[in-house]
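# Overview (structure and organization)
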Amino acid sequence: MGTALGDGTASRAPEKRVIVAQASRGDRVFRGIVAAGALSSLVLLGLIALFLIVRSGEIFGRFGLDFIFSSDWTAGAEADGSDSTFGVWAMLVGTVLVSLIAVIVALPLAVGAALFIEFYLPERLRSTVRMLVDISAAVPSVVYGLWAVSIFSGAASSWGEILHRFAGWFPLFGVENEQYDRSPFVAGLVLAIMITPIITSVSREVFSRTPPDLVNASYALGGSRWGAIRNVVLPYGSSGVVGGTMLGLGRALGETVAVYLVLNLVFKPNLRILESQGGNVASLIATKFGEASEYEIKALLAAGFVLFILTMTVNMAATYIVQKSSPLES
Amino acid sequence: MTDVKGHEVTQMVETQEAPATTGGQLAGLEARGIHAWFDKHHALEDINLFFPANTVTGLIGPSGCGKSTFLRILNRMHEFIPRAAMAGEVLLHDADIYDPSVNPAEIRLKIGMVFQKPNPFPAMTIAENVSAGLKLAKLKVSNRDELVEDCLTRAGLWKEVKDRLDAKGGSLSGGQQQRLCIARALAVNPEVLLMDEPCSALDPGSTLRIEETIGELSKTMTIVIVTHNMQQAARVSDRCAFFLADGGPGRLIESGLTSHMFTTPTDKRTEDYVQGRFG
Amino acid sequence: MTDIDLQPIPTPIRPWRVTPRRVAPQIALALGGTLVAMAVVLLTPLAGFDGWLLIFVPVSIVGGYLLARGKGAVATTDAMVANTVVLVAGVAFYPIVSLLWTVITQGLDALLNWNFISSDMRISGPDDELNMGGAAHALIGTLMMVVIATVITLPLGVLTAVYVTEVRGRLRVVVRFIIQSMSGVPSIVAGLFIYSTVVMGMNRFSGLAGGLALAILMLPTVARTAEEVLKLVPDDLRSASYALGAPQWRTTLFVVLPTVRSGIVTSGILGVARIAGETAPLLLTASYFTATTFSPTEGPVASLPVFTFNLLQSGTEYSFARAWACSLLLLLAVFVLFTVARGLSGRDKR
């Protein structure tokens, strides 16, 4: 009895107490309301997918995968659609093509502009230029479209012509008709100009949040401004740049009005970027919507569903990549 | 490499070689008539101080007395603070480091710095962190692994990390991170090493290790260390300089051999401070 | 120590400051490059600003290299990168400046007529001169739909933010992920969704449908901004409230939210800036009507972006002038919203 050390019970670690807090009724009601509000976004996203697929189910049922992989879009006169054929392949190809051009052009411009604002611009000009970029990122796409139609597309088509003259042997830059305007190249550049401020704005923000400790360390080791940027700022900000790029890509994939205004809608898959034909899913919907029969509307809803899935996939992948590649994870 | 003239300002970069240890003769660092301002605020007034080669000088004084600002002036880190200004000159090998013809990056290569908070590059491995300075300054080195080992050994970290040189710098403990930062500063072979309260964020064990390291390093370089801790100043420094702001800009009250400063200071305020009556 | 006080205080200097004298070579290079490029444009078939740029970029890069050479590898690379960054930024900003400049100069034409604000297009057509007709119907329509969207979105967005930061519910990771993904929903898809539900259900286009479509696009912006704002509230504040025995709902409602009042307003403003110019979803939901309407449920309603879009398609000279003026109105709205948001954003911190 006296030797408690030996029997093992006395030295056993105490069990952890689980702390239970009984929430008051007010708190339970409060949490319920807040949760309901927060989950509305979840419900909404589900409803979007559900309604688009239900209302267009007939189209997917009839055409199956052909709706995605064929390029014929013929709306017949019959109300039951028996003489209609719908396929969005050409539009999907166009969507991806135009968006890729936009991102490839916009990314280096945006990173350069973001570095310029944060590390090269004199400090007293910085806040003004930041605001200018943020405003440009919020300029409506119809304004970009108007500017593109009246000012920019002429210059862009002449660049296309120059590109064809010097690099026409390369399949991407070949053309059948020497027209050059309203081509994927022009539309891609317009989208690039549209998304450059978006990517710049996001990248600039993450660059400006680089820990000053690390920048100082780089300078104190005899590093130049570029040394600090390459060794500290870019690795630290890369996930933010990826995030901004994905945001821009998402905007480009779903852009309607600007593409509608500067791109010829042709239902033929086209990878020659200087050719005056192309299209994207969003502008297809805007183009056909006005005069569509009830049956064609269903096909447009189906096209919208395909676009929805495409952009959601890109977006979720982007969110995942950004969370994974953050250099300060560990 | 034998006389003062041999160390031309550009020599370090042009030779493209970073020897692991230096056998050359070191010159001291001299600050003449240093003032500092932050916008309109006059932070430091007329500091004249000489740091002899191969000595450890402790800069002591209560917070806000401008000792860290003074340290940052010594390797041109002061100019990264917006609206900062200065006056006076800092002489390394009799040449003013603030001369318009001088490239500040090359000055920082010769006058290294260790910061208050450990700041290893989080995306780099331990080995990459040590050689980061070489990469930044585009210095070639014949045997990188040897240099990494040598610097880590001198910083007193080699035994602890030799098996995980490919781990990220951020995975180390605070004290280890600070020693990694010291190793990183050593890799470019500076002539002077500035340390801004290097132990203030560390535990007593790590502090002791770093103090030992400082003693070893002073054989090959000139060290200036800012510290709040009187015992530390007494332990590691050969010379001391006492700064005090007293409502106005920070001033140098007294400087000299540490033994004198702690036992027979000439100024009453120094005596009060080192004996812990204020600050 | 009075002898130190008697010393004259030297003037503060900044030896690191970039002085005109030090950048003189760069300025000379920029001027030289400009002149060379202009000469090439004048003397060869290369024409216009594009041709000028085509010559200027390589000239300034090569010239920049020659200037930076001989200062050591690090300094040369640094200078070359600096040149490139400035050039790239110039190329990136040029279209933006061109767009803003064009909208302002072209837009003033129609906007300077009072009737552009005060009357609608009920009795005016594309060929009518600028002293007739206007955008009143579109302004009122946009206002109506933005108000509908804000009334729906602001509470939902704040609730979402409170769920993520205050309640910290079990599904907060999912909710954040969904909100993040929702910001990628193409605006035309939001329009299609409302079309397939509200418009098909009511059997007509309406301002309500337009407002609902805009709300879908506005929600992610409001929720994310509100979340950022709530994260800035220090935990001490919550602890202080809990330590006084307040339940969570009182803490949130009477302590946390009031401290970020202007931040919440900012989130709403940024949301409005995001949707005010949306065209595609309104084409499918509110459509367009030439006359001013105040009812959100009785048929199509005009909006500034859709009006602009329609003007563009009719293609006459006066239509374009009106389209530029509408664009200027949209730009002004965005500018005002951002200025107000920036003015507010400093308030909560203190």
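No experiment lies behind these values; they were computed from the predicted model shown. (Residues numbered from 1 in each chain as written. Chains lettered and ligands numbered in written order. Predicted model: local features only at pLDDT ≥ 70, side-chain atom pairs only at ≥ 80, totals over all residues.)

Time to look at the overall build of chain A. When you go through chain A residue by residue, the secondary structure sums to 11 helices and two strands. For chain A, the N- to C-terminal ordering of α and β elements is α-α-β-β-α-α-α-α-α-α-α-α-α. Overall, the C-alpha framework of chain A stretches about 100 × 65 × 40 Å when taken along its three principal axes. Scored against the burial criterion, the 330 residues of chain A give a buried share of 51%. Long-range contacts, defined here as pairs at least 24 residues apart, represent 76% of the contacts in chain A between residues at least 6 apart. (Helix = DSSP H or I, 4+ residues; strand = E, 2+ residues; numbered from the N terminus. Buried ≥ 20, exposed ≤ 12 C-beta atoms within 10 Å, placed from the backbone. Contact = placed C-beta atoms within 7 Å.)

Moving on: the overall build of chain B. Helices and strands together make up the secondary structure of chain B, namely 12 helices and 10 strands. Scaling as 2.2 N^0.38, a compact globule of 279 residues should have a C-alpha radius of gyration of about 19 Å, and chain B matches this with 18 Å. For the C-alpha atoms alone, the extent of chain B along its principal axes is close to 50 × 45 × 35 Å. With 279 residues in all, chain B has 52% of them scored as buried. The contacts of chain B with a sequence gap of at least 6 include a subset with a gap of at least 24, amounting to 70%. (Rg over C-alpha atoms; globule rule 2.2 N^0.38 Å.)

On to the interface of chain C and chain A, then. With 71 residues of chain C at the interface, the matching set in chain A holds 69 residues. Broken down by element, the residue count for the side of chain C that touches chain A peaks at 19 residues, all from helix α4 (residues 73-111) of chain C. Here the residues of the side of chain C that touches chain A sort into 50 nonpolar, 16 polar and five charged. (Nonpolar A, V, L, I, M, F, W, Y, C, P; charged D, E, K, R; others polar.)

This part takes up the interface of chain C and chain B. With 15 residues of chain C at the interface, the matching set in chain B holds 16 residues. Looking at the side of chain C that touches chain B, the element that brings in the most residues is α4(C), giving three residues.

Residues and elements named next belong to chain B. Within strand β7 (residues 192-196), five of the five residues are buried, which leaves the element mostly enclosed by the surrounding structure. Burial along β7 is two-sided: the face carrying Val192, Leu194 and Asp196 and the face carrying Leu193 and Met195 are both buried. Judged from the four bridges that link them, strand β6 (residues 111-114) and β7 form a sheet pairing that is parallel. Bridging across to β7, isoleucine 111 finds its partner in valine 192. Tracing the backbone out of β7, into helix α9 (residues 204-217) and back to the parallel element strand β8 (residues 222-226) gives a crossover that is right-handed. (Pairing = 2+ DSSP bridges. Right-handed = clockwise from strand over helix to strand, strands pointing away.)

Turning next to the confidence of the model for chain B. All names here are of chain B. The pLDDT averaged across chain B works out to 86; a share of 90% of its residues lies at or above 70. Taken together, the stretch residues 1-24 has pLDDT below 50 and engages in 31 contacts with residues farther than four places along the chain or on a different chain. Among the prediction metrics, the complex's ipTM stands at 0.90, with pTM recorded as 0.87. (pLDDT = per-residue confidence, 0-100.)

Let us now look at the confidence of the model for chain A. Summing up the model confidence of chain A, the mean pLDDT is 89 and the portion of residues at 70 or higher is 95%. Between the elements of chain A, mean pLDDT differs from a low of 87, seen in helix α11 (residues 294-325) of chain A, to a high of 96, seen in helix α3 (residues 89-120) of chain A.

Residue and element names in this part refer to chain B. The six strands lie next to each other as β6-β7-β8-β3-β9-β10, forming an open sheet whose pairing is mixed. The open sheet has two free edges, formed respectively by β6 and β10 (251-257), since each of these has just one partner strand. Each strand of the sheet is rotated relative to its neighbour by a mean of 15°, with strand direction disregarded. Where β7 and β8 come together, five bridges link them in parallel fashion. Of the residues in β8, the one forming a bridge with aspartate 196 is valine 226. Contacts from helix α2 (residues 67-74) reach β3 (56-60), β6, β7, β8 and β9 (239-244) within the one sheet, and its direction differs from that of β8 by about 150°. (Axes fitted to C-alpha atoms, helices over the stretch in contact; angles between N-to-C directions.)

With that settled, the discussion passes to the sheet that holds strand β2 (residues 41-51) of chain B. Residue and element names in this part refer to chain B. Read across the open sheet, the four strands follow the order β2-β1-β4-β5; overall the sheet is antiparallel. Whereas interior strands pair on both sides, the edge strands pair on one side only; in this sheet they are β2 and β5 (95-96). Looking at chain direction, strand β4 (residues 84-92) and β5 are connected through two bridges and run antiparallel. Across the sheet, leucine 91 pairs through a bridge with aspartate 96, a residue of β5. Of the strands in this sheet, β1 (29-38), β2 and β4 touch α2, which is tilted by about 120° from β1.

The buried fraction of helix α14 (residues 304-314) of chain C is high, at nine of 11 residues. Packed against the buried residues of α14(C) are α5 (141-167) and α9 (257-262) of chain A together with α6 (136-167), α13 (280-285) and α15 (317-345) of chain C. Positive phi appears at C:Gly315, one or two residues downstream of α14(C), with a value of about 75°.

This part takes up unusual backbone geometry. Residue and element names in this part refer to chain B. Positive phi outside glycine occurs at aspartate 46, with the angle close to 45°. Residue aspartate 46 is classed as partly exposed on the basis of its C-beta count, with 19 C-beta atoms lying within 10 Å. At asparagine 54, a residue that is not glycine, the phi angle is positive and equals roughly 60°. Residue placement: asparagine 54 occurs in the loop between β2 and β3.

Further remarks concern the packing of helix α1 (residues 25-63) of chain A against α6(C). Two numbers describe how α1(A) lies on α6(C): the axes approach to 8 Å, and their chain directions differ by 115°. It follows from the interaxial angle that α1(A) and α6(C) lie roughly perpendicular. Every pair of crossing elements has a handedness; the one defined by α1(A) and α6(C) is left-handed. Between α1(A), through A:Arg31, A:Val34, A:Ala35, A:Gly37, A:Ala38, A:Ser40 and A:Ser41, and α6(C), the contact on the second element is made entirely by C:Pro155, C:Leu156, C:Leu159, C:Thr160, C:Val162, C:Tyr163 and C:Val167. The residue makeup of the contact of α1(A) with α6(C), split by class, is nine nonpolar, four polar and one charged. (Parallel < 35°, antiparallel > 145°, perpendicular 65-115°, else oblique. Left-handed = near helix turned anticlockwise from the far one by under 90°.)

This part covers the pairing of β1(B). All names here are of chain B. As judged from the seven bridges shared by β1 and β2, these two strands associate in the antiparallel manner. Each residue of the ladder has a partner; that of phenylalanine 38, found in β2, is histidine 41. Here β1 hands over to β2 after two residues, with aspartate 39 in that stretch at a positive phi of 55°. The sheet contact formed by β1 and β4 spans eight bridges and is antiparallel. Along β4, the bridge assignment pairs histidine 35 with alanine 87.

On the secondary structure map, A:Arg124 appears in helix α4 (residues 123-138). Separated by 166 residues in the primary sequence, A:Arg124 and A:Gly290 place their C-alpha atoms 50 Å from one another.

Further remarks concern the packing of α5(A) against α14(C). Where α5(A) contacts α14(C), the two axes come as close as 10 Å, and the packing angle between them is 20°. Compared by their axis directions, α5(A) and α14(C) come out roughly parallel. Between α5(A) and α14(C) lies a crossing of left-handed hand. Where α5(A) abuts α14(C), its residues A:Val142, A:Leu146 and A:Val149 lie against C:Pro305, C:Thr308, C:Phe309 and C:Leu312.

If you trace the backbone, A:Leu107 turns up in helix α3. Those residues within four positions of A:Leu107 in sequence are excluded, and the remaining contacts are A:Ile199 and A:Thr245.

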